[in-house]
Amino acid sequence: MKNDGKFITLEGIEGVGKTSNLLYLQELLTKSGQNCVLTREPGGTNLGEALRGLLLSHSDENMSPDAELLMMFAARAEHLSKVIRPALENGQTVLCDRFTEATYAYQGGGRQLDVSKIRDLEQWVQGELRPDLTIILDAPVDIGRARASNRSTPDRIEQEKNDFFERVRQAYIDLSKQHPERICLIDASVKLSAVQKQIHEKLVEYEIL
Ligand code: T5A
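Draft legend 1. Main features of the sheet that holds strand 2 (residues 36-40). The strand order across the open sheet built from five strands is 2-3-1-4-5, with neighbouring strands paired in parallel fashion. Taken across any chain shown, the strands that pair with only one partner, and hence form the sheet edges, are strand 2 and strand 5 (183-187). Between one strand and the next, the sheet's axes are offset by a mean angle of 20°, whatever the strand orientation. Bridge analysis of strand 4 (residues 133-138) against strand 5 gives five bridges, and the strand direction is parallel. When the bridges of strand 5 are listed, Leu 137 appears paired with Ile 186.

This is the structure in structure tokens:
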């Protein structure tokens, strides 16, 4: 695949500031002359947004962890084929609010699914494509949850208990250690301007800017 554009993803537990900082990233990259496409997972296409609705809405019937995992990748397959790959081939920079690292963190860490299942699906759906840079916004669970709860009522995943989110956070920290060449962790517990300063420094360090 011709892959001229950069693929950047933003990750972290609930409420750490992904949406706020995605807009900051867009501003920085646009100023530097890059043509950005902003998107999110699960979502980004009609099918993906419909699956997002099913994944995040409350239901009387429990969803099995395997069904949850497969729906994340079904949405991702559509997103890659309709939005991400075409934009990268067109030389655009793709800024995505969550991607496969979220699956490792939530379904692998949180739900404790076998990571080899995730790895197999990642290889099947993505082939060799991985983000050029993943920024993980890291903050203690109570800070993220407090910020998120100020803003909206909890969705199906947000209603999980603290130990679930502690496992998610730890899985993100582990991912940043396993793939330091493309995944970095920054401290998101500090005020927004201090988070943005770190993001700017990482873009320079990873030669995106
Ligand atoms: N999921 C997703 C999986 O389980 N597997 C997968 O493979 C994928 C792709 C998606 C859900 O799906 C799960 C994970 C999620 O549970 P989502 O909407 O992407 O949901 O995720 P949320 O974390 O729920 O997104 P939020 O919009 O709630 O949180 P954000 O985007 O991290 O936070 P943001 O920017 O909206 O900020 C929250 C509040 O905090 C303030 C903001 O102003 C806002 O009010 N804030 C700060 N306040 C003080 N200091 C700072 N530094 C601040 N930064 C932001």
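Anyway, onward from the coordinates.
Draft legend 2. Representation of the packing of aromatic side chains in the model. Under the criterion given, the structure shown has four aromatic pairs. Here Tyr 106 and Tyr 172 contribute two aromatic rings whose centre-to-centre distance is 6.4 Å and whose plane-to-plane angle is 80°, an arrangement assigned as edge-to-face. Remark: Tyr 172 occurs in helix 7 (residues 162-178) and Tyr 106 occurs in helix 4 (residues 100-110); sequence separation between them is 66 residues. In terms of burial, Tyr 106 and Tyr 172 fall into one category: buried. Of the aromatic side chains, those joined through ring pairs into one cluster are Tyr 106, Phe 164, Phe 165 and Tyr 172. Positioned above the aromatic ring of Phe 73, the side-chain terminus of Arg 76 is 4.7 Å from the ring centre. Above the ring of Phe 99, the side-chain terminus of Arg 76 is found at 5.2 Å from the ring centroid.

Draft legend 3. View of the layout of surface pockets. Of the voids in this model, the largest pocket is the one considered here, and its volume is about 830 Å³. As for the largest pocket, its lining consists of 38 residues, of which Lys 18, Thr 19, Arg 52, Asp 97 and Arg 98 are closest to the centre. In terms of residue count, helix 1 (residues 18-31) provides more of the lining of the largest pocket than any other element does, six residues in total. Split into classes, the residues belonging to the lining of the largest pocket amount to 16 nonpolar, 10 polar and 12 charged. There is about 220 Å³ of room inside the second largest pocket. Lining the second largest pocket are 13 residues; nearest its centre among them are Tyr 104, Val 115, Arg 119, Leu 175 and Gln 178.

Draft legend 4. Examining the site of the ligand more closely. Among the 26 residues in the neighbourhood of the ligand, the closest are listed as Lys 18, Thr 19, Ser 20, Thr 103 and Arg 151. Within the backbone of Val 16, a nitrogen or oxygen atom sits 3.3 Å from an oxygen atom of the ligand. Within the side chain of Arg 147, one N or O atom sits 3.3 Å away from a nitrogen atom of the ligand. In isolation the ligand has 1000 Å² of accessible area, and contact with the protein removes 84% of it. According to the grid-proximity analysis, the pocket containing the ligand is the largest pocket. Taken together, the elements giving at least two residues each to the shell around the ligand come down to helix 1, helix 2 (46-56), helix 3 (65-89), helix 4 and helix 8 (192-205).

Draft legend 5. A look at the environment of His 58. Along the polypeptide, His 58 turns up in the loop between helix 2 and helix 3. Along the backbone, His 58 and Gly 109 are 51 residues apart, and their C-alpha atoms lie at a distance of 21 Å. Non-local contacts of His 58, meaning those with residues more than four positions away in its chain, are made with Pro 154, Asp 155, Arg 156 and Gln 159. Engagement of the side chain of His 58 in a polar contact is seen with the backbone oxygen of Pro 154, the distance being 3.0 Å. Polar contacts involving the side chain of His 58 include one to the side chain of Gln 159, which spans 3.3 Å.

Procedures and definitions
- Residues numbered from 1 in each chain as written.
- Predicted model: local features only at pLDDT ≥ 70, side-chain atom pairs only at ≥ 80, totals over all residues.
- Heavy atoms only, no water.
- Pairing = 2+ DSSP bridges.
- Helix = DSSP H or I, 4+ residues; strand = E, 2+ residues; numbered from the N terminus.
- Axes fitted to C-alpha atoms, helices over the stretch in contact; angles between N-to-C directions.
- Phe/Tyr/Trp six-rings, centres within 6.5 Å; stacked < 30°, edge-to-face > 60°.
- Buried < 20%, exposed > 50% of the residue type's maximum accessible area, 1.4 Å probe, protein only.
- Lys NZ or Arg CZ within 6 Å of the ring centre and 35° of its normal.
- 1 Å grid on protein atoms, 1.4 Å probe; cavity = no way out; pocket = protein on both sides within 12 Å on 5 of 7 lines; lining within 4 Å.
- Points joined across faces, edges and corners; volume = space filled by probe spheres on them.
- Nonpolar A, V, L, I, M, F, W, Y, C, P; charged D, E, K, R; others polar.
- Near = heavy atom within 4 Å.
- Polar contact = N/O pair within 3.5 Å; in protein donor to acceptor, adjacent residues only side chain to side chain.
- Areas by Shrake-Rupley, 256 points an atom, 1.4 Å probe, with all protein chains shown as cover.
- Sits in = over half its atoms within 2 Å of the grid points.
- Contact = heavy atoms within 4.5 Å.

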